[in-house]
Amino acid sequence: MMPEVILRKWSKSDVKPLVLLANNINIWNSVRDFFPHPYTKSDANNWVKARLSDNDDLHYVIEVDGMFAGAISILPKEDIYRYTAEIGYWLGEPFWGKGITTKAIELILEICRQSHPEIIRIYAEVFASNKASMRTLEKNGFTLESIRKNAIVKNGIVGDDYVWVKIFEQS
């Protein structure tokens, strides 16, 4: 049975579970280096404080059956890319393999369409090693646009970056 997955705004009470789940090398290996490792209480406090002080409506906690499980965001771009946005997400390891990220992406895409109808293109950049994330995007209607060869460096290793894209139909 699929657990109940909701997206909700950040709160001060998210600091402790954020540290607990985010301080995981397996998560850090699949995200950009600006995501700290080790992930400390100070890092969590700074992140939550920033989410509470900005008026950004596209940063969410992924909650599963009432528990903090991860995070998901849509990041609108600017200038000539103003109708484009990037999606980013991570999920705590205890929640992997249950369809939760697939549902979270579906939910944030619905929110994005309602709150930002000007966005027509959403993309995700995925490390070559993260096949599960690629499958999740594909289940949500993203298609592989390109493979950027030797585009990233993670853990001192040069690797490929897969760009997945979803184009919204215009009404």
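Let me sum up the structure you'll find in this document. Everything numeric here is computed off the predicted structure, so don't read it as measured data. (Residues numbered from 1 in each chain as written. Predicted model: local features only at pLDDT ≥ 70, side-chain atom pairs only at ≥ 80, totals over all residues. Heavy atoms only, no water.)

## Considering the sheet that holds strand β3 (residues 67-76)
Convention followed: The rule for pairing is simple: two strands pair if DSSP sees at least two bridges between them. Think of it this way: any DSSP run of H or I at least four residues long counts as a helix, any run of E at least two long counts as a strand, and we number them from the N terminus. An axis is simply a line fitted to the C-alpha atoms; with a helix, the fit covers only the stretch in contact. Between two such axes, the angle follows the N-to-C directions and lies from 0 to 180 degrees.
Spatial strand order, β1-β2-β3-β4-β5-β7-β6: seven strands in an open sheet with mixed pairing. Of all strands in the sheet, those with a lone pairing partner are β1 (5-8) and β6 (143-154), marking the two edges. For this sheet, the mean inter-axis angle between neighbouring strands, taken without regard to orientation, is 30°. As defined by bridge partners, strand β4 (residues 84-91) adjoins strand β5 (residues 121-127) across three bridges and the pair is classed as parallel. What sits directly across from E86, in β5, is Y123.

## Observations regarding the pairing of strand β7 (residues 157-167)
So the rule is basically this: Type-normalised accessible area, obtained with a 1.4 Å probe on protein chains alone, sets the label of each residue: buried when under 20%, exposed when over 50%, and partly exposed for intermediate values.
The element β7 is extensively covered by neighbouring structure, given that eight of its 11 residues are classed as buried. With seven bridges joining them, β5 and β7 adopt antiparallel strand pairing. The residue of β7 that forms the bridge with I122 is K166. As paired elements, β6 and β7 share eight bridges and run antiparallel to each other. Bridge pairing in β7 places I147 opposite Y162. Adjacent in sequence and paired antiparallel, β6 and β7 are bridged by two residues, among which N155 carries a positive phi angle near 55°.

## Re the packing of helix α1 (residues 15-22) against helix α3 (residues 41-53)
Put simply, the rule is: When an angle is under 35 degrees it counts as roughly parallel; over 145 it counts as roughly antiparallel; between 65 and 115 it counts as roughly perpendicular; any other value is oblique. Less than a right angle of anticlockwise turn of the near helix away from the far helix marks a crossing as left-handed, whereas a clockwise turn marks it as right-handed. Any pair of residues with heavy atoms lying within 4.5 Å of one another is described as a contacting pair.
Between α1 and α3, the shortest axis-to-axis distance is 9 Å and the interhelical angle comes to 125°. On the basis of their axis angle, the class for α1 and α3 is oblique. Where α1 crosses over α3, the handedness of that crossing is right-handed. Residues V15, L18 and V19 of α1 lie in contact with α3, whose contacting residues are K41, A44, N45, W47 and V48.

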